[in-house]
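Here's the letter readout for the chains.
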Amino acid sequence: MSKHEMKMYQSTEDYLEAILMIKQEKGHCRSVDIAKRLDFKKSSVSIAITKLTNEGYVIKEEDGMLELTQEGQRLANNILERHNFFYTWLRSLGVEEGQAYDDACRMEHAMCDDTFHKIVSYVREKNDGNS
């Protein structure tokens, strides 16, 4: 995967994760909510939502509400799981809250599923051994 493709995939993941988190918090999500969350221009979000809709990850309802497709939901859950794991792990290491959040955002995109699961297994094994 090229750097350009990786950046595009990371952007897709960021949008899907934002939709999932906003829906969990508010019960619904609109493009303006994403713009506020990610600090992006509404026009940029609109372009991205059109792309995500065309790729089959998002459905935009007539009232402007956004829904994740089954595949969009799967990807969003996966990236949120990664984010929560890395954030919790970094905090347990003593990393300051804001820095842990920022680092978790970068780490969640940086590795394949196999590597992520091996890290999770290692950390859990270490934690279980220290109990």
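Above: the structure in question.
Residues numbered from 1 in each chain as written. Predicted model: local features only at pLDDT ≥ 70, side-chain atom pairs only at ≥ 80, totals over all residues. Heavy atoms only, no water.

**Q** Hey, could you run me through helix α4 (residues 70-92) in this one?
**A** Residues separated by three or four positions in an α-helix point in the same direction, a consequence of the helix having 3.6 residues per turn. Between its first and last C-alpha atoms α4 spans 33 Å; for 23 residues at 1.5 Å apiece the expected length is 33 Å, and the two agree. Listed in full, the buried residues belonging to α4 are Gly72, Leu75, Ala76, Ile79, Leu80, Arg82, His83, Phe85, Phe86 and Leu90. Looking one or two residues beyond α4, the residue adopting positive phi is Gly94, at roughly 100 degrees. (Helix = DSSP H or I, 4+ residues; strand = E, 2+ residues; numbered from the N terminus. Expected span 1.5 Å × (residues − 1). Buried < 20%, exposed > 50% of the residue type's maximum accessible area, 1.4 Å probe, protein only.)

**Q** Help me out: how do you make sense of the packing of aromatic side chains in this one?
**A** Applying the stated criterion across every chain, the model contains 6 aromatic pairs. Ring pairing ties together the aromatic residues Phe85, Phe86, Trp89 and Phe116, which thus form one cluster. (Phe/Tyr/Trp six-rings, centres within 6.5 Å; stacked < 30°, edge-to-face > 60°.)

**Q** I would appreciate a short explanation of the pattern of salt bridges in the present structure.
**A** Any two side chains of opposite charge can pair if their charged atoms end up close together. Tallied over the entire structure, the rule returns 9 salt bridges. Ionic pairing is found between Arg37 and Glu25, a salt bridge with its closest N-O pair at 2.4 Å. Of this pair, Arg37 sits in helix α2 (residues 31-38) while Glu25 is found in helix α1 (residues 3-26), placing the two residues 12 residues apart along the sequence. Using a relative accessible area of 30% as the deciding quantity, one classes Arg37 as partly exposed. (Salt bridge = Lys/Arg side-chain N within 4 Å of Asp/Glu carboxyl O.)

**Q** Can you walk me through the side chain of Asp33 in this structure?
**A** Within the secondary structure, Asp33 is located in helix α2. At 2.8 Å, the side chain of Asp33 and the side chain of Lys26 are in polar contact. Those residues in contact with Asp33 that sit more than four places away from it in its chain are Ile22, Lys26 and His28. (Polar contact = N/O pair within 3.5 Å; in protein donor to acceptor, adjacent residues only side chain to side chain. Contact = heavy atoms within 4.5 Å.)

**Q** Looking at this structure, I do not really get the packing of α4 against helix α6 (residues 113-129). What am I missing?
**A** The geometry of a pair of packed helices is captured by two quantities: the angle between their axes and the separation between those axes. Across the interface, α4 lies against α6 with an axial gap of 12 Å and an inter-helix angle of 40 degrees. Judged by the sense of rotation from one axis to the other, the crossing of α4 with α6 is left-handed. Seen from α4, the contacting residues are Asn78, Glu81, Arg82, Phe85, Phe86 and Trp89; seen from α6, they are Asp113, Phe116, Ile119, Val120 and Val123. Its residues assigned to classes, the contact of α4 with α6 shows 7 nonpolar, 1 polar and 3 charged. (Axes fitted to C-alpha atoms, helices over the stretch in contact; angles between N-to-C directions. Left-handed = near helix turned anticlockwise from the far one by under 90°. Nonpolar A, V, L, I, M, F, W, Y, C, P; charged D, E, K, R; others polar.)

**Q** Would you explain the nonpolar core in this entry?
**A** If you look at the biggest cluster of nonpolar residues, it comprises 20 residues, and the most contacted ones within it are Leu16, Ile19, Ile34, Ile49 and Val58. Contributions of two or more residues to this core are made by α1, α2, α3 (42-54), β2 (66-68) and α4. With near-sequence residues (within four places) excluded, Ile49 lies in contact with Ile19, Ser31, Ile34, Val58, Lys60 and Leu66. Counting 6 residues, the second largest nonpolar core, distinct from the first, contains Phe85, Phe86, Val120 and Val123. (Core = buried A, V, L, I, M, F, W, Y, C linked by side-chain atoms within 4.5 Å.)

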